[in-house]
Amino acid sequence: MHGKLLPLAGLYLVQGLPYGLQSGLLPVLLRARGLSLTRVGLAKVLYAPWLFKLVWAPLVDTWGSLRTWLTLSTAALGLACGLLAALPPAEAGQAGLPSTVAGLLLLLNLAAAVQDVALDTLAMQLLEPSELGPGNTVQVVAYKLGAVLALVPPISWALLFQLLAATYWLVAALAWVAPALQQLPPPQHSEPPRHVLHLWQDLLAVPGTLWTVGFVLTYKLGEQGAGSLFPLLLLDCGISTSELGLWNGVGAVVCSVAGSSLGGVLLAKHWQPLPLLRSVLWFCLGGLACQTALIFPLDAPAAQLGTCTVLRGEGLAVVGRSLESWAPLTSAPPGAALLSLCLQHFLGGLVTTTTFTLMMHCSQLAPSALQATHYSLLATLELLGKLLVGSLAGALADSLGPHLCFCFFLVVSATPILYLGLAPSTLA
């Protein structure tokens, strides 16, 4: 099994590199330049290519080899990074990203999404049903380690993307000459291409698909909405961008990797995904309730968003004009805000690994010629659920206020726990 997991780990690791930049640093960078929460949330539109994986998933299923798809998509990632290295991240007098940089980030996500389809197909071809738990742990952990590696070095924009470009081109060359990829069977062309309507009928006819679609659309709505807003509220409270980048980037990914690793251990110990999800989602609901309690003073009538305290290990740093209006926060334990941030990422990693194992188990029930397309359908809808609430979270916070917004996320987080009671026996 180790011979299968090693190439998967390397490819998923390099796929996670741009994610760390766009999810950990880009929102903080835009908020620090004065953009509203609504505009920061709308930057997630750059992830749009991930929502169209179903367009090229049938091509990966039936045309060319996985070796070719992986090599070309990885080389395209290197090209996009090379071009980004030659451009500044901001222009004088412009608060947001330059249009050229935004376009290249869109291209980066397009290449990563194509690579993801080929890589998931490779995983389903290599892994046996008994290996899904460890395999999905490697997938999630390697991806997030790639994300944290992109955040560790305090280097310039140009040097960072030069290093990323060199890494992608090296991995593309290794993928082309890797013996394991050269030995993969070619795609089967025994059946003519399906009509779009027939394709959808075949995908939805796979046992457990309809229930899984509902679950992946909803299981992260509350967590993702709160996770996209809470770091920005801490930034408004006075935490520096460098410190927040450390906690929301490196710290969050490390906690998420730890949670994903624990999920792999529990699945390897013969825990079934559905009972494990039921237990962990209750913990997630409790963690989000604690986080909601921490931001409660932000919605108090006497409180101002730009006038608040920061909960850190060394104590409370007071920023602004009025200390008296923040009396509710001063009773909270030091470090509570950052601790809740890390706890939610830990539990989120555990939930993600278990859910991806469930998704891959469902896709393996499909005919082999449909497995890549079926898994791409589930992965696309999983991302759609997260992007939808992540993009709208800023607008909700601007219109409703942080307190009501987090209460809404709390209610939404209870939905997947109830939905688990409707799971079909085919996924048990």
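As the structure is a computational prediction, the values presented were derived from the model and not from experiment. (Residues numbered from 1 in each chain as written. Predicted model: local features only at pLDDT ≥ 70, side-chain atom pairs only at ≥ 80, totals over all residues. Heavy atoms only, no water.)

### Quick word on the overall build of the protein chain
Summing up its helical and strand segments, the protein chain has 19 helices and two strands in all. Expressed as a percentage of its 428 residues, the buried residues of the protein chain come to 54%. Contacts in the protein chain between residues at least 24 apart in sequence constitute 84% of all its contacts with a sequence separation of at least 6. Carbon and sulfur atoms make up 71% of the accessible area of the protein chain, which amounts to about 18100 Å² in all. (Helix = DSSP H or I, 4+ residues; strand = E, 2+ residues; numbered from the N terminus. Buried < 20%, exposed > 50% of the residue type's maximum accessible area, 1.4 Å probe, protein only. Contact = heavy atoms within 4.5 Å. Areas by Shrake-Rupley, 256 points an atom, 1.4 Å probe, with all protein chains shown as cover.)

### Points about helix α17 (residues 371–400)
Over its 30 residues, α17 runs 42 Å from end to end, which matches the ideal 44 Å to within 8%, given 1.5 Å per residue. Taking the largest bend as the criterion, α17 deviates by roughly 35°, centred on Ala393. Of all 30 residues that make up α17, 22 are buried, and the element is covered over most of its length. (Expected span 1.5 Å × (residues − 1). Bend = angle between axes of the 7 residues up to and from the residue.)

### Remarks on the UniProt feature "transmembrane region" (unreviewed entry) in the protein chain
UniProt marks residues 66–88, 95–114, 155–178, 199–219, 246–268, 280–298 and 400–422 with the feature "transmembrane region" (unreviewed entry), using the numbering shown here. In the segment residues 66–88, helix accounts for 87% and strand for 0%; the C-alpha atoms at its two ends are 35 Å apart. Each end of residues 400–422 is marked by a C-alpha atom, and these two atoms are 32 Å apart; helix forms 78% of the span and strand 0%. (UniProt positions renumbered as here; feature names shortened; annotations may be inferred.)

### Some details on a nonpolar patch on the surface
Where nonpolar side chains cluster on the molecular surface, the patch consists of Leu170, Leu174, Trp176 and Val177 and spans about 400 Å² of accessible area. Residue Leu174 is classed as partly exposed on the basis of its relative accessible area of 49%. (Patch = residues over 30% accessible without salt bridge, like charges linked within 9 Å, V, L, I, M, F, W, Y side chains within 5 Å. Salt bridge = Lys/Arg side-chain N within 4 Å of Asp/Glu carboxyl O.)

### Section: the pattern of salt bridges
Taken as a whole and assessed by the stated rule, the structure comprises three salt bridges. Of the charged contacts in the structure, one is a salt bridge between Glu223 and Lys220, with a shortest N-O distance of 3.1 Å. For Lys220, a relative accessible area of 7% puts it in the buried group. Glu382 is the salt-bridge partner of Lys386, the closest N and O atoms lying 3.2 Å from each other. Taken as a pair, Lys386 and Glu382 lie in helix α17 at a separation of four residues, close to a single helical turn.

### Things to note about the packing of α17 against helix α18 (residues 402–413)
For the pair α17 and α18, the least separation of the axes is 7 Å and the interaxial angle reads 140°. Between α17 and α18, the angle is such that the two are oblique. Here α17 contributes Val389, Ala393, Leu396, Ala397 and Leu400 to the contact with α18, which in turn contributes Pro402, Leu404, Cys405, Phe408 and Phe409. Split by residue class, the contact of α17 with α18 holds 10 nonpolar, no polar and no charged. (Axes fitted to C-alpha atoms, helices over the stretch in contact; angles between N-to-C directions. Parallel < 35°, antiparallel > 145°, perpendicular 65-115°, else oblique. Nonpolar A, V, L, I, M, F, W, Y, C, P; charged D, E, K, R; others polar.)

### Let's talk about the side chain of Lys220
Its place among the elements puts Lys220 in the loop between α11 (209–218) and α12 (221–236). Here Gly348 takes part through its backbone oxygen, which lies 3.3 Å from a polar atom of the side chain of Lys220. Those residues in contact with Lys220, other than ones at most four positions away along the chain, are Gly348, Thr352 and Lys386. (Polar contact = N/O pair within 3.5 Å; in protein donor to acceptor, adjacent residues only side chain to side chain.)

### Quick word on the nonpolar core
With 89 residues, the main nonpolar core has Leu122 and Leu164 as its most contacted residues. With 14 residues, helix α6 (residues 99–126) is the single largest residue contributor to this core. In this structure, this core is formed jointly by two domains, domain 1 (1–186) and domain 2 (193–299 + 331–427), each of which donates at least three residues. Discounting residues that sit within four places of it in the chain, Leu164 has contacts with Leu17, Leu21 and Cys81. (Core = buried A, V, L, I, M, F, W, Y, C linked by side-chain atoms within 4.5 Å. Domains from an automatic or database assignment.)

### A word on the packing of aromatic side chains
Throughout the structure, instances matching the rule amount to six aromatic pairs. Seen from their ring centres, Phe215 and Tyr219 are 5.4 Å apart, and the 20° between their planes marks the pair as stacked. Here Phe215 and Tyr219 have matching classes, each one buried. When the centroid spacing of 6.0 Å and the interplanar angle of 55° are considered together, the rings of Phe408 and Phe409 count as tilted. Here Phe408 falls in the partly exposed class, since its relative accessible area comes to 43%. Residue classification places Phe409 among the buried residues on the basis of a relative accessible area of 0%. Feature note: the residues Trp211, Phe215, Tyr219 and Tyr419 constitute an aromatic cluster, connected by ring pairs. (Phe/Tyr/Trp six-rings, centres within 6.5 Å; stacked < 30°, edge-to-face > 60°.)

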